[in-house]
Amino acid sequence: AAVLQPRREGQGEAADRVFAGVTETGSLYAAGAAAAALAATGRGRAAVRAAAAAGTTWLLLQGVKRLVDRPRPSDADPQGTRLMIARPRATSWPSSHPAVLTTFGRVAARELGAGPIARGALTGLDLTVAASRVYLGVHYPSDVLGGWLAGIAIVATVAALTAPETASAPDSPTTAEPDDSPAR
């Protein structure tokens, strides 16, 4: 957090705005909007799976937060922490924003057959949201690391339990190619 302190002391208004905006891409609202966009483009199965995984992630982490009950930086050190957005209601560890974003993005990417460049871009977005939560004063670095790792674990669980959507046809049953071989 100390490495971000000079920017948080008024020297980086542009960074303040960017981080305040990008942080919300890890919210359940953003996951819902992304799911609606996927559904509107004919990828209902991907939308439902990604939204369900993101919602499950959020619910699980809210339970963990209640068990761990770690105070947020602004609660633990009100004089030393510049809170740059409204204080979230729940406690600090683990951070659900990077977890929700990671889970939604990875499940959707798997369902849609996204390639390595798209997956790399998602990782970049995950890390940016994680950094934003620390920068904005609502989490410690270990909170966002814990949330991100929880998201990865949930994605691995989803992958183990489900088969991805085929990339050939959105939400349509797979049909076999006609057999053109001569009859016997």
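Residues numbered from 1 in each chain as written. Predicted model: local features only at pLDDT ≥ 70, side-chain atom pairs only at ≥ 80, totals over all residues. Heavy atoms only, no water.

**Quick word on unusual backbone geometry**
Rules: Helix numbering and strand numbering both begin at the N terminus, where a helix is a DSSP run of H or I of at least 4 residues and a strand a DSSP run of E of at least 2.
In this structure, Pro94 follows Trp93 across a cis peptide bond, with omega equal to -10°. As for its position among the elements, Pro94 is in the loop between α5 (73-76) and α6 (96-112). A positive phi angle, near 55°, is found at Asp69, a position not held by glycine. Take Asp69: it is sitting in the loop between α4 (44-68) and α5.

**Examining the packing of aromatic side chains**
Remark: the centre distance and the inter-plane angle together describe each pair of aromatic rings, the angle taken between the planes. We count it as follows: A pair of Phe, Tyr and Trp rings is counted when the ring centres sit within 6.5 Å of each other, with Trp represented by its six-membered ring. The angle between the planes then sorts it: under 30 degrees is stacked, over 60 is edge-to-face, the rest tilted. When a residue's accessible area, from a 1.4 Å probe over protein chains only, is under 20% of the maximum for its type it is buried; when over 50% it is exposed; and in between it is partly exposed.
Here the structure, examined in full by the defined rule, presents one aromatic pair. A centroid spacing of 4.6 Å and a plane angle of 40° characterise the contact between Phe19 and Tyr135, whose relative ring orientation is tilted. One end of the pair, Phe19, is in helix α2 (residues 13-22); the other, Tyr135, is in helix α7 (residues 116-135), and 116 residues separate them in sequence. Judged by relative accessible area, which is 1%, Tyr135 ranks as buried.

**Digging into α7**
Applied cut-off: To estimate how far a helix should reach, multiply one less than its number of residues by 1.5 Å.
A rise of 1.5 Å per residue sets the reference length of α7, with its 20 residues, at 28 Å; its end C-alpha atoms lie 28 Å apart and thus fit the reference within 8%. Burial in α7 covers these residues: Asp126, Val129, Ala130, Ser132, Arg133, Val134 and Tyr135. Immediately downstream of α7, the backbone of Gly137 shows phi near 85°, a positive value.

**Things to note about the packing of α6 against helix α8 (residues 141-161)**
To keep things clear, this is the line we draw: Only the stretch in contact is used when fitting a helix axis, every axis being a line fitted to C-alpha atoms; angles between N-to-C directions are given from 0 to 180 degrees. To sort the angles, those under 35 degrees are grouped as roughly parallel, those over 145 as roughly antiparallel, those from 65 to 115 as roughly perpendicular, and the leftovers as oblique. We call a crossing left-handed when the near helix sits turned anticlockwise from the far one by less than a right angle, and right-handed when that turn is clockwise. The contact criterion used throughout is that any non-hydrogen atoms of two residues lie within 4.5 Å.
Two elements in contact, α6 and α8, have axes separated by 7 Å at closest approach and are oriented at 30°. One element, α6, and the other, α8, form an angle in the roughly parallel class. Here α6 runs over α8; the crossing is right-handed. Side by side, α6 and α8 meet where Pro98, Ala99, Thr102, Thr103, Arg106, Val107 and Arg110 of the first sit next to Val144, Gly147, Trp148, Gly151, Ile152, Ile154, Val155, Val158 and Ala159 of the second.

**Looking at the pattern of salt bridges**
Put simply, the rule reads: For this document, the term salt bridge refers to a Lys or Arg side-chain nitrogen within 4 Å of an Asp or Glu carboxyl oxygen.
Here the structure, examined in full by the defined rule, presents five salt bridges. Here Arg49 and Glu111 are joined by a salt bridge, their closest N and O atoms 2.9 Å apart. On the criterion of sequence distance, the pair formed by Arg49 in helix α4 and Glu111 in helix α6 is long-range, its members being 62 residues apart. Accessibility expressed as a relative area gives 0% for Glu111, which makes it buried. Between Asp126 and Arg106 there is a salt bridge; the shortest N-O distance is 2.8 Å. Residue Asp126 is located in helix α7, and its partner Arg106 is located in helix α6; the two are separated by 20 residues in the primary sequence. For Arg106, a relative accessible area of 10% corresponds to the buried category. A single network of salt bridges, built from pairs that share partners, joins Arg45, Arg49, Arg110 and Glu111.

The values are spatial; any link to function lies outside them.
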